[in-house]
Amino acid sequence: MYIVLEGLDGAGTTTQAQALGQALRDRGVDVLLLAEPSDASVGNLIRQALRGRWVHRDGRAIDDATLALLFAADRLDLASEKIAPALARGQWVISDRSYVSSLAYQSAADPTLLPWLATLNAKMLRPDLLFAFRVDVQTCLRRLRARDGEQQAELYEVPERLAEVERAYDRVFASVREREPDLVVVDVDASVSRQDVLAQLMRAIDGVTAGKGP
């Protein structure tokens, strides 16, 4: 099974991906835990751009379209090198983010980019189960500050950008439900405690594996 966790920076996808992986391992499931961007060369370049350490010669941040192309390249590499082989071996794959992030983040400031982004990611490996983490921007920002302290915020980790991304995710989740009816999308209340969020994830997985729906 290929499971993806999606949501705003600060929504808790990274924490919950790790917790979910451990909970499934405790049940005897062989789990591969991944994240986007990856730790490969393109993924590291993306991280540098997000942290403002790789910019244009005039100091401008790398634009959304360029980031989308980099994410697509990194995603294809991750799928062929790790995800597809793991699934073929019978492992479960849990990914902190997927192509859905590109649809949301890179279209947030300019929604007209969404059709191009959808085409760019049309051949990407689709998950069996997509968790849509729902939590308000202010909660996300509070968590990010608690996590990062005085470190410089990443490109999207500011109130205006996160608010744009929140609206973009609403559009993208609705679009995914409409265009990919075979993909199980589960809304997760990510504003509650870590234990309660994990309980929501496990209930949904139990429902799907039992054939009862999320």
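The rules behind these values
- Residues numbered from 1 in each chain as written.
- Predicted model: local features only at pLDDT ≥ 70, side-chain atom pairs only at ≥ 80, totals over all residues.
- Heavy atoms only, no water.
- Helix = DSSP H or I, 4+ residues; strand = E, 2+ residues; numbered from the N terminus.
- Rg over C-alpha atoms; globule rule 2.2 N^0.38 Å.
- Contact = heavy atoms within 4.5 Å.
- Areas by Shrake-Rupley, 256 points an atom, 1.4 Å probe, with all protein chains shown as cover.
- Buried < 20%, exposed > 50% of the residue type's maximum accessible area, 1.4 Å probe, protein only.
- Arc of directions from axis to C-beta.
- Axes fitted to C-alpha atoms, helices over the stretch in contact; angles between N-to-C directions.
- Parallel < 35°, antiparallel > 145°, perpendicular 65-115°, else oblique.
- Left-handed = near helix turned anticlockwise from the far one by under 90°.
- Nonpolar A, V, L, I, M, F, W, Y, C, P; charged D, E, K, R; others polar.
- Core = buried A, V, L, I, M, F, W, Y, C linked by side-chain atoms within 4.5 Å.

(A) Examining the overall build of the protein more closely. Along the protein, the regular secondary structure elements total 8 helices and 5 strands. Counting from the amino terminus, the protein carries its helices and strands in the arrangement β-α-β-α-α-β-α-α-β-α-α-β-α. Relative to the compact-globule value of 17 Å for 214 residues, the protein shows a C-alpha radius of gyration of 17 Å, a close match. Projected onto its principal axes, the C-alpha positions of the protein cover 55 × 35 × 30 Å. The contacts in the protein between residues at least 6 apart in sequence include a share of 77% that link residues at least 24 apart. When the accessible area of the protein is evaluated, it comes to approximately 10600 Å², of which 50% is carbon and sulfur surface.

(B) Helix H2 (residues 41-50), seen in detail. What H2 keeps buried is the set Gly-43, Ile-46, Ala-49 and Leu-50. Along the axis of H2, the buried positions cluster into a sector of 115°, meaning they face one direction only. Buried residues in H2 make contact with helix H3 (64-88). Backbone geometry just after H2 places Gly-52 at a positive phi near 75°.

(C) Here's a closer look at the packing of helix H1 (residues 13-26) against helix H8 (residues 194-209). Between H1 and H8, the shortest axis-to-axis distance is 10 Å and the interhelical angle comes to 55°. Taken together, the axis directions place H1 and H8 in an arrangement best described as oblique. Our pair here, H1 against H8, has a crossing hand that is right-handed. In contact with Thr-15, Gln-16, Ala-19, Leu-20, Ala-23 and Leu-24 of H1, H8 contributes Arg-194, Val-197, Leu-198, Leu-201, Met-202 and Ile-205. Looking at the contact of H1 with H8 residue by residue, the class counts come to 9 nonpolar, 2 polar and 1 charged.

(D) Spotlight on the nonpolar core. Counting 67 residues, the largest nonpolar core has Ile-3, Leu-5, Leu-20, Phe-131 and Phe-133 as the members making the most contacts within it. Looking at this core, the element that brings in the most residues is H3, giving 8 residues. Setting aside chain neighbours within four positions, we find Phe-133 in contact with Leu-5, Glu-6, Gly-7, Ala-11, Gly-12, Thr-13, Gln-16, Val-188, Ala-190, Val-197 and Leu-201.

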